[in-house]
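Report on the structure
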Amino acid sequence: MATTTRDILNIVFRYQRPAIIFSVFVLAATLVYAFATKKYYTSTANLLVRLGQEQVGTITSGENNVYITRREQEINNESQILKSSDVVQAVAARLSGQDAITEDKDGIAKLLTDNIDVKTILDSDTLQVSFTFPDAEIARKVLSIYLEEFQKHHISAYRDTNEIDFLKKNVVDSRARYDAALGRLHEFVNEHKIYDNNQVAMLLQQYDRVRQVIIDATSDYEHNLKKKNRLEGILGSVPRYEEYSVVDARNTQLNKLQGRLNDALIERQSLRERYTENSRLVRDIDGEIALLRQMIGGEPESVTDTRDRRLSDTYASLNQTLLTLSAETSGQAARIAELQQRLGDIAAEIARTSGDAQEYDVLRKDADLAEATYEKYHKEYTASMIRNSAAQSDITNISVIEQPSLARSPAKPNLKKTMALSLLLLVFGNCALIIALHLTDSTFTTPEQAARALKLGVLGVLPRRVTAAGEPAISPSLPFPADLLREFQRIYLNIAHAGKDKVVLVASSQPSEGARTVGVNLARFAAAYPRKKVAFANFSPAPVTASLATPPAGTSFNHIVADGVTLFQYHPGNMADELRFDILKELTREFDQVFVTAPPVNSFPDLVLLRRHVDQIVYVVEAERTNRHSIAYCIDVLTGYGFENIGLLLNKRIFHIPRQIYGAV
């Protein structure tokens, strides 16, 4: 039987979960690699290899000299020189000690060997040199140094490069000395707080200004002190108090009593507006008014005092002036003391700075000398490099036509290439995964697979039904599943079409394959629709319903009637095992059709005793679970026992293809 589109789609949709898991893993790994891994940048430069003094050879042919330029060999030679150990070691020697890369010379050499790439472009006589590093700026810098050393390797064959090396070493050393001298100078300035070369002169000027202020303040203080002393002498001769006579004076007590009386009268008027005459408040204010009037009547309007003694006005004026002078002289004395303290601090600072200034001048001159030496060697090194560059075209066949580039985007990981490879891995990886899972699968998914493998007819297919909680939706204790009426009708007709169907054994390889459930529902269908008198005999230990779980007294079988089917349950112990199947003779005489279930075939050797009672076997196979080798073994056992008319029933089949797609194909 040819493989159909439905077969392929069934395989694809069956393994869609592992395919999705694989796809998620690939995408996650791709994203991690693309965005979380360390990025590397590539700096690229192009070198032109032209006919030069190095690679020109001559041969003699008769009287003519023939110049031969071996282009391909020449470019390949330059490529090998670029990657040679001499050039790598020279670059490593220059880079060793730079913290941005590493201090290990051997490590630098290995890093250069692993990350330098040279490509030859024969059509244009060009070498493309690239260096890869996590930092784009460092990659460009290293490649520039690499090309310098490569060119120096060529120049050294015809010109002494010791001059350049000597000058370069002096430049580096003088620069280091200059940086060290400048560092010592800055450290001294920061430590001793020197901000200006004329700091000592500025401190002296400040010292003179403060001293002049102290002189002026002392002069003012002495002048005020003399005035204070004279005023104290005058104040000692002036009497402090003086006497005077008073003829008549107003009695102030009378005025106070009169004012209080007026207030009491006003308050009484206010109270009479709110209270009666007999109220307590009114009576109290009336009593107070009467008392005040009595006191006013006893006070005279004026009093006479003939003599008095008071502070002299002259003394008070002189004393106030004296107090002012005393406060002013005290403030001037405090200010003079503060200025003298400040003058002492400035003098100490001058003494300290004078010593620091000498050392500062020494450090300043040392830094200036180191700077002049560095500039001298740098000019000589630049001149030597210019001379070598001018003569380079005459002594080497290498010229840089494109300087090392500064990469703006990383070379690794390459996002486009990574995504393309990820897409290919998703497509081909999922295909390989699905094919591998399908080839290693030892179960049956479709009835066609079972029919091809076991060479038996397929009586029907029952789908897998579960509840929302994941429990089986079909069981012997539940009513007949009406939504599967058509499937059971097809199975029943195929059983009838196969030949004898008086006694039908529903068998399986495992207890969980649902043989007992299928047998009970087939019996229910036969009792309801063909309207036959149907019995169901269960020889398995597990009863069909809970009501059949208790064995009756004195017999091995108990039975009930449910949905028009008489259900018999065998309980071992009350009869010999070889006699328990004799009940089928009675059932075949009493009922139109009998369905029988027994323990799994591979664990029930007494099944051979059923051979003379059973007309047909419905062998139940659970889809995607039962091992096909176990099924084939059980079929061979049944065939060996002499059973005939064996048909397959694929139970709990999962329809992986969505309904809309299944209908379309």
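Coordinates for the structure precede this section.
The following refers to the structure shown. Every value quoted in this text rests on a predicted model; they were computed, and no experiment measured them.

Quick notes on the overall build of the protein
- On a plain count of helices and strands, the protein comes out with 18 helices and 16 strands.
- In the protein, which comprises 665 residues, the proportion classed as buried is 36%.
- For the protein, restricting intrachain contacts to residue pairs at least 6 apart in sequence, the fraction spanning at least 24 positions comes to 79%.
- About 38,900 Å² of surface is accessible on the protein, with carbon and sulfur atoms providing 53% of the total.

A closer look at the packing of helix H14 (residues 485-497) against helix H15 (residues 515-528)
- Close contact between H14 and H15 brings their axes to 10 Å; oriented N to C, the two are set at 85°. Our classification of the angle between H14 and H15 gives roughly perpendicular. Along the contact surface, H14 presents Leu485, Phe488, Gln489, Ile491, Tyr492 and Ile495, while H15 presents Val518, Asn521, Leu522, Phe525 and Ala526.
- Each residue belonging to the contact of H14 with H15 can be placed in one class, and the counts come to nine nonpolar, two polar and no charged.

Observations concerning the side chain of threonine 597
- If you trace the backbone, threonine 597 turns up in strand E14 (residues 593-597).
- In contact with threonine 597, other than residues within four places in its own chain, are Leu505, Val506, Ala515, Arg516, Phe536, Ala537, Asn538, Phe539 and Ser540.

Description of the nonpolar core
- Formed by 39 residues in total, the largest nonpolar core has its most connected members in Leu505, Phe539, Leu607 and Tyr619.
- Broken down by element, this core gets its largest block of residues, five residues, from helix H17 (residues 628-641).

Looking at the sheet that holds strand E8 (residues 398-402)
- A sheet is described by the order of its strands in space; here four strands give the open sequence E4-E5-E1-E8, paired in antiparallel fashion. Looking at which strands have only one partner, the edges of the open sheet turn out to be strand E4 (116-121) and E8. The sheet shows a mean angle of 30° between the axes of neighbouring strands, direction not considered.
- In terms of strand pairing, strand E1 (residues 41-49) meets E8 through four bridges, oriented antiparallel. Within the sheet, the bridge partner assigned to asparagine 46 lies in E8 and is glutamate 402.

Observations concerning the sheet that holds strand E12 (residues 557-562)
- Strand order in the open sheet formed by eight strands is E9-E16-E15-E10-E14-E11-E13-E12, with mixed pairing between adjacent strands. Here the strands that pair on one side only, and so sit at the sheet edges, are strand E9 (458-463) and E12. In this sheet, neighbouring strand axes are inclined to one another by 20° on average, regardless of whether the strands run parallel or antiparallel.
- Judged from the six bridges that link them, E12 and strand E13 (residues 565-570) form a sheet pairing that is antiparallel. Bridging across to E13, valine 561 finds its partner in threonine 566.
- Against the sheet, helix H13 (residues 447-454) engages E9 and strand E16 (646-653), with an angle of about 145° to E16.
- Across the sheet, H15 lies against E9, strand E10 (503-508), strand E11 (534-538), E13, E14, strand E15 (616-622) and E16, angled at about 165° from E11, the strand it touches most.

What counts, and where the lines are drawn
Residues numbered from 1 in each chain as written. Predicted model: local features only at pLDDT ≥ 70, side-chain atom pairs only at ≥ 80, totals over all residues. Heavy atoms only, no water. Helix = DSSP H or I, 4+ residues; strand = E, 2+ residues; numbered from the N terminus. Buried < 20%, exposed > 50% of the residue type's maximum accessible area, 1.4 Å probe, protein only. Contact = heavy atoms within 4.5 Å. Areas by Shrake-Rupley, 256 points an atom, 1.4 Å probe, with all protein chains shown as cover. Axes fitted to C-alpha atoms, helices over the stretch in contact; angles between N-to-C directions. Parallel < 35°, antiparallel > 145°, perpendicular 65-115°, else oblique. Nonpolar A, V, L, I, M, F, W, Y, C, P; charged D, E, K, R; others polar. Core = buried A, V, L, I, M, F, W, Y, C linked by side-chain atoms within 4.5 Å. Pairing = 2+ DSSP bridges.

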